[in-house]
Amino acid sequence: MIIKAIVATAEDGGIDCRGVIPWGGEMPCDMKHFMNTTRNSIIIMGRITADSLRLPLKNRKAIIITTRVNETLERYGEHSNVVDSLDASLGLARTMIDGGEVPPDTNIFIIGGAQIYNAAMERGLIDTMYLTTIHAQFKADAFFRFNRDGYDVVASERVPADEKNKYDCTFETFQKTTP
């Protein structure tokens, strides 16, 4: 099972401030990139990330990781699956694929937050990383710093600020190095 992650960070690794993306609606090119990249995928996220999104996201199957399973089920139960661990989320994704709920080539994406990203990286689970770096500093209380060791850059595009996007950013795709 190939596991991917997609994350946008400030230059210092900041990804969140009190449950909100620090650059808010100031980077629509990043949101477009996220939506295009994760379309027709299984998306795995923590509860705080789920709270920040308007679920359901069209053409995606959501799995929410939380220790507050019953509380979250009441909020998201109709259109999302709720589990209590990263392992359970990956097991459920495998069941969704093997059981035919989604096509066998469905992508599995980890989309946040910091604890979920960090746990997946520490365990070496991420095969492909889609990293957007917003070239600015923001107030943040959650951080993700991508350790590029063991990954090769397979795509990179720098996008300058414009009338719609307040900051320069870089979209990079990393693939786990094959031994």
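Heads up: the structure comes first, above all this text.
Nothing here was measured: the structure is a model prediction, and the numbers come from that model.

Rules used throughout
- Every chain is numbered on its own, with residues counted from 1 as its sequence reads.
- Per-residue local features are limited, in this predicted model, to residues with pLDDT of at least 70; the limit for side-chain atom pairs, both in listing and counting, is 80 or more; totals at the level of whole chains, interfaces and linings are taken over all residues.
- For the side-chain quantities, the full set of heavy atoms in the structure was used; hydrogens and water were omitted.
- Put simply, a nonpolar core is a bunch of buried Ala, Val, Leu, Ile, Met, Phe, Trp, Tyr and Cys residues held in one set by side-chain atoms that sit within 4.5 Å of each other.
- Only protein chains enter the accessibility calculation, which uses a 1.4 Å probe; a residue whose area is less than 20% of its type maximum is buried, one above 50% is exposed, and one in between is partly exposed.
- Helix and strand labels come from DSSP, where a helix needs a run of H or I of at least four residues and a strand needs a run of E of at least two; each type is numbered from the N terminus.
- Any two residues whose heavy atoms approach within 4.5 Å at even a single point are treated as in contact.
- Any residue with an atom within 4 Å of a point lines the site, the site being either a cavity, points on a 1 Å grid over the protein atoms alone where a 1.4 Å probe fits but cannot get out, or a pocket, an open set with protein on both sides within 12 Å along at least 5 of 7 lines.
- Grid points are joined across faces, edges and corners, and a volume is the space filled by probe spheres set on the points.
- Centres within 6.5 Å are what make two rings of Phe, Tyr or Trp a pair, Trp counting through its six-membered ring; a difference in plane orientation under 30 degrees is then read as stacked, over 60 as edge-to-face, and the rest as tilted.
- By this definition, two strands are paired if DSSP reports at least two bridges between them.
- Our arc is simply the arc of the directions from the helix axis toward the C-beta atoms.
- The axes are straight lines fitted to the C-alpha atoms, using for helices just the contacting stretch, and the angles between their N-to-C directions are given from 0 to 180°.

Considering the nonpolar core
1) Next: In terms of nonpolar packing, the biggest core is built from 31 residues, with Ile42, Ile110, Ile126 and Met129 touching the most fellow members.
2) Next: Within the residue set of this core, elements represented by two or more residues are strand 1 (3-10), strand 3 (41-46), strand 4 (60-65), helix 4 (86-98), strand 6 (107-112), helix 5 (114-122) and strand 7 (128-134).
3) Next: Here Ile126 is in contact with Ile3, Lys4, Ala5, Ile110, Ala120, Met121, Tyr151 and Lys176, once residues within four sequence places are set aside.

Some remarks on unusual backbone geometry
1) Next: The residue after Gly112, namely Gly113, is reached through a cis peptide bond having omega 0 degrees.
2) Next: Tracing the chain through its elements places Gly113 in the loop between strand 6 and helix 5.
3) Next: At Arg18, a position not held by glycine, the phi torsion is positive, near 55 degrees.
4) Next: Considering the arrangement of structural elements, one finds Arg18 in the loop between strand 2 (14-16) and helix 1 (28-38).
5) Next: According to the relative accessible area criterion, Arg18 is exposed, its value standing at 69%.
6) Next: Positive phi, close to 65 degrees, is recorded for Asn59, a residue that is not glycine.
7) Next: Mapped onto the secondary structure, Asn59 falls in the loop between helix 2 (47-52) and strand 4.

Some remarks on the side chain of Ser89
1) Next: Within the secondary structure, Ser89 is located in helix 4.
2) Next: Setting aside its immediate chain neighbours within four residues, Ser89 contacts Ile44, Ile63, Ile65 and Val83.

Comments concerning the layout of surface pockets
1) Next: Considered as a void within the structure, the largest pocket measures approximately 1,200 Å³ in volume.
2) Next: Within the residue set of the lining of the largest pocket, elements represented by two or more residues are strand 1, strand 2, helix 1, helix 2, strand 6 and helix 5.

Notes on the packing of aromatic side chains
1) Next: Going through the model one piece at a time under the given rule, you end up with 6 aromatic pairs.
2) Next: Their ring planes at 45 degrees and their centres at 5.6 Å tell us that Phe109 and Tyr130 sit as a pair that is tilted. In this pair, Phe109 is assigned in strand 6 and Tyr130 in strand 7, connecting sequence segments 21 residues apart.
3) Next: Ring geometry for Tyr117 against Phe144: centres 5.1 Å apart, planes inclined by 40 degrees, an arrangement best described as tilted.

Observations regarding the pairing of strand 6
1) Next: Along strand 6, 5 of the 6 residues are buried, which leaves the element largely enclosed by surrounding structure.
2) Next: In the sheet, strand 1 pairs with strand 6 via 3 bridges, with the strands oriented parallel. Counterpart to Ile3 in the pairing with strand 6 is Ile108.
3) Next: Both strand 3 and strand 6 contribute to a ladder of 5 bridges, which runs parallel. In the sheet register, Ile42 faces strand 6, and the bridge partner there is Ile108.

Side note on helix 1
1) Next: All buried positions along helix 1 are accounted for by Cys29, Asp30, His33, Phe34, Thr37 and Thr38. All buried residues of helix 1 fall inside an arc of 145 degrees around its axis, so they share one side.
2) Next: On its buried side, helix 1 packs onto strand 1, strand 3, strand 4, strand 6, strand 7 and strand 10 (169-176).
3) Next: Where helix 1 ends, the next residue or the one after it, Asn40, has phi of about 60 degrees, a positive value.

Concerning the sheet that holds strand 1
1) Next: Sheet architecture is open: 8 strands sit in the order 5-4-3-6-1-7-10-9, paired in mixed fashion. At either end of the open sheet lies a strand with only one pairing partner, and these are strand 5 (80-83) and strand 9 (151-159). Within this sheet the neighbouring strands show an average axis-to-axis angle of 20 degrees, counted without direction.
2) Next: Bridge count for strand 9 against strand 10 is 8 bridges, and the pairing is antiparallel. Within the sheet, the bridge partner assigned to Tyr151 lies in strand 10 and is Lys176.
3) Next: Packing of helix 4 onto the sheet brings it into contact with strand 1, strand 3, strand 4, strand 5 and strand 6, and relative to strand 4 it is tilted by some 155 degrees.

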